[in-house]
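Topology and contacts: notes
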Amino acid sequence: MKTTSAHIVVAGGGVAGMEAAGTLAEMGYRVTMIEKDDEPGGHLLQWHALFPDRRPADEVRNYLRKHIEQRNLSIITGTTVEKIRHHGSGVLVSLSGGTEEKADAVIVATGFDLFDARRKEEYGYGIYDNVITSAELEGMFNRGRVAKADGSVPARIGLIHCVGSRDEKVNNNHCSKVCCVTAVKQAIEIRKMLPSCEVFCFYMDMRMYGPYYEELYRESQEFHNVNFIRGKVSEASVNINNRLVIKVEDTLAGRPLKMELDIMVLMVGMEMAGAGMKLAESSGMKRGINRFLETADHHYGNNLSGIKGIFYAGTCTAPMNITDTISHARAAVAETVRYLNSR
Ligand SMILES: Cc1cc2nc3c(=O)[nH]c(=O)nc-3n(C[C@H](O)[C@H](O)[C@H](O)COP(=O)(O)OP(=O)(O)OC[C@H]3O[C@@H](n4cnc5c(N)ncnc54)[C@H](O)[C@@H]3O)c2cc1C
Ligand code: SF4
């Protein structure tokens, strides 16, 4: 049966949504991609240079923008997917604003939210000017200047790993996977921009799981003199000179440590997106431990929701880098086409 007349809705226009929508449209399907923000791109819009090779993020953004420029692909921005329900042999997708889209299948690609650093009060985010998040540091790289809140040049910057991940207190036991390598990439970028600035990474474990990650870690130590301290930062405060003071338990040296910093960067983790959670609740999609969407099978059903006609792509299921997100989106396309062909 020829199925390319089928209509597929893609909920979310980040890396996963753009890759899935563009690939389906390329294959001849009629596709509607719905994005809640004013333009597609998701979190990738914020990043400067990407790990592992530090290529400009624009190169990947341009690839994805070109990929979605297709005749049979409609893009609706500024609109949230609120509910998906069965309707005859297909699905009905309810959108904010009260409109609906009829579809033969839906790919959910609602992505992640960054952990809200205010929830870790001990780090003083939102209280001390020079406590920022890794996403805000990307903003500084994009503007071409890393500086303290008063505009002065920092002499020492600390990057704190695992903020809001692997932390029972904030109900996130998972590892966000991308923040160790992001810290290493950002540490190198700081050292290249400000050669006289000392950079310290405070980590629990270095999880350099991907291709070229370990090499980047070695490069950071051998060529850029980035310092790594295995230890958990227990609190931050400000001294009389308006410098940040952190207390750390150095677990390799086995002693407590106090250090002054000019800027403290919190490597915030990835959480299931709030808008994705609302959609899951209204549409009967199951969530697993740590609230990400639960897939039908961890090994061979990683894009399947277990609900007829609904498929998953990208970080709405678990933390992933861009490479894995794109592969996951392509696999979601394969599952969707298999489903349409079997009807
Ligand atoms: C600090 C940081 C730095 C990173 N740097 C890199 C890097 O250098 N290299 C790399 O490989 N990876 C990097 N990553 C990972 C990368 O950001 C992700 O792999 C990628 O963004 C995942 O894409 P996604 O489409 O799954 O999710 P998202 O980027 O979150 O996109 C999801 C989209 O869905 C939309 N949406 C959500 N709910 C709805 C709804 N109900 N209706 C309509 N739209 C909705 C959102 O607005 C968003 O646009 C980094 C991650 C972090 C946290
Ligand atoms: S990737 Fe590294 S920083 Fe991120 S949660 Fe895992 S161990 Fe912590």
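Residues numbered from 1 in each chain as written. Chains lettered and ligands numbered in written order. Predicted model: local features only at pLDDT ≥ 70, side-chain atom pairs only at ≥ 80, totals over all residues.

A few words now on the domain arrangement of the chain. Here the chain is described as being made up of domain 1 (7-111 + 273-342) and domain 2 (117-270). A C-alpha centroid distance of 32 Å is found between domain 1 and domain 2. Per-class residue counts for the side of domain 1 that touches domain 2 are five nonpolar, five polar and two charged. (Domains from an automatic or database assignment. Nonpolar A, V, L, I, M, F, W, Y, C, P; charged D, E, K, R; others polar.)

The next thing to look at is the site of ligand 2. The environment of ligand 2 is made up of 14 residues, and the closest members are Cys162, Ser165, Cys175, Cys179 and Cys180. Of all elements in the fold, only strand 12 (156-163) and helix 4 (179-193) reach the threshold of two or more residues within the shell around ligand 2. Residues that form the shell around ligand 2 fall into these classes: six nonpolar, four polar and four charged. (Near = placed C-beta within 6 Å. Helix = DSSP H or I, 4+ residues; strand = E, 2+ residues; numbered from the N terminus.)

Here the focus is the sheet that holds strand 8 (residues 100-103). With antiparallel pairing, the three strands of this open sheet are ordered in space as 6-7-8. With partners counted over all chains shown, the strands left at the sheet margins are strand 6 (81-87) and strand 8, one partner each. Adjacent strand axes in the sheet meet at a mean angle of 20°, parallel and antiparallel pairs treated alike. Relative to strand 7 (residues 90-95), strand 6 runs antiparallel, the two sharing six bridges. Following the sheet pairing, His87 is matched in strand 7 by Gly90. (Pairing = 2+ DSSP bridges. Axes fitted to C-alpha atoms, helices over the stretch in contact; angles between N-to-C directions.)

What follows deals with the sheet that holds strand 1 (residues 7-11). Pairing is parallel in the open sheet, where five strands are placed in the order 5-2-1-9-19. The sheet is open, and its two borders are formed by strand 5 (73-76) and strand 19 (310-312), each paired with just one other strand. With strand direction ignored, the average angle separating the axes of adjacent strands in the sheet is 20°. Set on the sheet, helix 1 (residues 15-26) makes contact with strand 1, strand 2 (30-34), strand 5 and strand 9 (105-108); between it and strand 2 the angle comes to about 165°. Across the sheet, helix 7 (residues 322-342) lies against strand 1, strand 9 and strand 19, angled at about 165° from strand 9, the strand it touches most. (Contact = placed C-beta atoms within 7 Å.)

Attention now moves to the site of ligand 1. Residues in contact with ligand 1 amount to 40 residues; listed here are only the nearest, Gly12, Gly14, Gly42, Gly111 and Gly314. Mapped onto the shell around ligand 1, the elements with two or more residues apiece are helix 1, strand 10 (112-114), helix 3 (134-143), helix 6 (274-283) and helix 7. Across the shell around ligand 1, the residue classes tally to 20 nonpolar, 17 polar and three charged. Both domain 1 (7-111 + 273-342) and domain 2 (117-270) contribute no fewer than three residues apiece to the shell around ligand 1.

It is worth spelling out helix 4 at this point. Because an α-helix completes one turn every 3.6 residues, residues spaced three or four positions apart along the sequence face the same direction. Over its 15 residues, helix 4 runs 20 Å from end to end, which matches the ideal 21 Å to within 8%, given 1.5 Å per residue. At its buried positions, helix 4 is contacted by strand 3 (49-50), helix 3, strand 12, strand 13 (198-203), helix 5 (213-222) and strand 17 (263-268). (Expected span 1.5 Å × (residues − 1).)

Our next topic: the packing of helix 3 against helix 4. The interhelical angle for the contact between helix 3 and helix 4, taken along N-to-C directions, is 30°, at an axis separation of 11 Å. Where helix 3 crosses over helix 4, the handedness of that crossing is left-handed. Contacts from Ser134, Leu137 and Phe141 of helix 3 reach helix 4 at Cys179, Thr182, Gln186 and Glu189. Across the contact of helix 3 with helix 4, the residue classes break down as three nonpolar, three polar and one charged. (Left-handed = near helix turned anticlockwise from the far one by under 90°.)

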